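Here are the chains, one letter per residue:
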Amino acid sequence: MSSSSRAKTILFWISIAFVGLMLWKLVSASGQSVREEEPSYSEFVARVDAGQVKEVTMYLSQNSYELQGEYVTPANRRFRITIFKEAAPDLTKALRDKAVKISVRDLRTGDWTLTLITVAPLVLLFGFCLFLMRQMQSRGVQPLKTRQGDVRFGLGYDLHRLDAGRPFVVGGVEIPFDKGPVGHSDGDVLVHAICDAVLGAAGAGDIGTLFPDTDPQWKGVSSLIFLEQLGKVLQDQKQSIGYIDAVVIAEKPKLGPHFAAMKATLAKSLKIKPEQISLKAKTNEGVDAVGRGEAIAAHAIATLANS
Ligand code: MG
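Note that the structure is predicted; figures quoted are calculated from it, not measured. (Residues numbered from 1 in each chain as written. Predicted model: local features only at pLDDT ≥ 70, side-chain atom pairs only at ≥ 80, totals over all residues.)

*Asks:* Can you explain the overall build of the chain? Please cite residues and give values.
*Replies:* Scanning the chain from terminus to terminus reveals 10 helices and 12 strands. In the chain, the proportion of contacts linking residues at least 24 apart, taken out of those at least 6 apart, comes to 69%. (Helix = DSSP H or I, 4+ residues; strand = E, 2+ residues; numbered from the N terminus. Contact = placed C-beta atoms within 7 Å.)

Given below as structure tokens:
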């Protein structure tokens, strides 16, 4: 857990403690069956003159005083009244004349419960915001920052020249066509781009380094072998494939009808689910070698996560 997450957790539990404390104060106050009223100034003075006030606590602030206390009659009846600072001397004299017990406290430091009640709404609001953030995180709506260290991205690209008489293999699937990619292996551009994307995310080099086209053991093989070899690389890195998105660029033939078969084939070699692969097809609008049907190309992006 990061220090910022730890701080959020601590603040969250502090706000919960505040809620508990306020509820406890509420319950204990209602348990004593003490009723509280807020008389007007004149009503209060009349009560003082009638000798009905038992005790008073004065909470001092800069411009006004808050008086809290209890009546003699009716029993168990408390009061709360705010008066201007200027009215305090006369009222204090009247209270003293009636031998009312008076306590004086500073509102800011005199009573911790008052301070608590003043600050609690702000703390509660802050805690509630943190609670919402935690809920969002647990539902996967996480800020990118928290995922940065966990997910790695890799980019792959490949292009092969097309020649007559070669099998047209893309994504491990052979599609009937009059040309096919030229390569040391079967020249499967989609597999090669995916392989480079995964190796890039793993920081493990590229397809040319791991499976050099000068090595006779790879001559004429299905490129799916390269994908199968990636399992050990990922295992060593304690990584697993999260998602692969790829686009194949070819003027002809139509590739879309073969995507389901390609995904199933690629997923089997990568030991992932077909749903973890996205495939798209583009033409090059007749431009350059790909557009003239002389080549085929592919781009791929792969994400890896800690396994
Ligand atoms: Mg290649």
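Next, the rest of the story.
*Asks:* Summarise unusual backbone geometry; cite the residues concerned and give the values.
*Replies:* In this chain, K252 is followed by P253 through a cis amide linkage whose omega measures -10 degrees. As for its placement among the helices and strands, P253 is situated in the loop between β10 (239-249) and α9 (259-270). The phi dihedral of K271 is positive, around 60 degrees, even though this residue is not glycine. Looking at the secondary structure, you find K271 in the loop between α9 and β11 (277-282). Even without being glycine, E285 reaches a positive phi, approximately 55 degrees. Along the polypeptide, E285 turns up in the loop between β11 and α10 (288-291). Here E285 falls in the exposed class, since 9 other C-beta atoms lie within 10 Å of it. (Buried ≥ 20, exposed ≤ 12 C-beta atoms within 10 Å, placed from the backbone.)

*Asks:* Describe the environment of A17, listing the residues and the values that go with them.
*Replies:* Secondary-structure assignment places A17 in helix α1 (residues 3-31). Considered as a pair, A17 and L124 are 107 residues apart in the sequence and their alpha carbons are 9.8 Å apart.

*Asks:* Explain the pairing of strand β6 (residues 151-164) to me, using residue names and the numbers behind them.
*Replies:* Working note: regular strand, side chains alternate between the two faces of the sheet. Sheet analysis places β6 next to strand β12 (residues 295-306), joined by 11 bridges and oriented antiparallel. In the strand pairing of β12, R161 is matched with A295. (Pairing = 2+ DSSP bridges.)

*Asks:* Explain the packing of helix α6 (residues 189-202) against helix α8 (residues 224-237) to me, and be specific about the residues and the numbers.
*Replies:* Where α6 meets α8, the closest approach of the two axes is 10 Å, and the angle between their N-to-C directions is 10 degrees. Between α6 and α8, the interaxial angle falls into the category roughly parallel. From α6, V191, I194, C195, V198 and A202 reach across to α8, where they touch L224, F226, L227, L230, V233, L234 and Q237. For the contact of α6 with α8, the per-class residue count stands at 11 nonpolar, one polar and no charged. (Axes fitted to C-alpha atoms, helices over the stretch in contact; angles between N-to-C directions. Parallel < 35°, antiparallel > 145°, perpendicular 65-115°, else oblique. Nonpolar A, V, L, I, M, F, W, Y, C, P; charged D, E, K, R; others polar.)

*Asks:* Describe the sheet that holds β10, naming the residues involved and giving the relevant values.
*Replies:* Sheets are built from strands that pair by backbone hydrogen bonding, the pairs being arranged parallel or antiparallel. Ordered by their spatial adjacency, five strands build an open sheet running β9-β6-β12-β10-β11, and the pairing between neighbours is mixed. In this open sheet, the two strands that pair with only one neighbour each are β9 (179-181) and β11. The sheet shows a mean angle of 25 degrees between the axes of neighbouring strands, taken without regard to direction. Of the strands in this sheet, β10 and β11 touch α9, which is tilted by about 135 degrees from β11.

*Asks:* Would you mind going over the packing of α8 against α9 in detail, with residue names and values included?
*Replies:* The geometry of α8 relative to α9 is characterised by a closest axis approach of 7 Å and an angle of 40 degrees between their N-to-C directions. The angle between α8 and α9 falls in the class oblique. The residues of α9 that touch α8, namely those facing L224, L227, E228 and L230, are T265, L266, S269 and L270. Considering only residue class, the contact of α8 with α9 consists of five nonpolar, two polar and one charged.

*Asks:* Pulling in residues and values, what's your account of the nonpolar core?
*Replies:* In this structure, L190, I194, C195, V198, L227, A246 and A302 are the most contacted members of the largest nonpolar core, which totals 39 residues. Among the secondary structure elements, those contributing two or more residues to this core are β7 (168-170), α6, α8, β10, α9, β11 and β12. It is α6 that provides the largest number of residues to this core, a total of 10 residues. Setting aside residues no more than four positions away along its own chain, A246 makes contact with L190, A193, I194, S278, L279, A298, H299 and A300. Counting residues in each nonpolar core, the second largest holds seven residues, with V53, M58, L91 and L95 among its members. (Core = buried A, V, L, I, M, F, W, Y, C linked by C-beta atoms within 7 Å.)

*Asks:* Which residues make up the environment of G154, and what values go with them?
*Replies:* Looking at the element boundaries, G154 is found in strand β6. Beyond its immediate stretch of four places on either side in the chain, G154 contacts A197, V198, L199, G200, A201, I301 and A302.

*Asks:* Before we move on, can you summarise the pairing of β10 with the specific residues and values?
*Replies:* By the bridge criterion, 10 bridges tie β10 to β12 in an arrangement that is antiparallel. Bridging across to β12, S240 finds its partner in A305. By the bridge criterion, six bridges tie β10 to β11 in an arrangement that is parallel. From the neighbouring strand, I249 faces β11, where its bridge partner is K282. In terms of handedness, the path from β10 via α9 over to β11 forms a crossover that is right-handed. (Right-handed = clockwise from strand over helix to strand, strands pointing away.)

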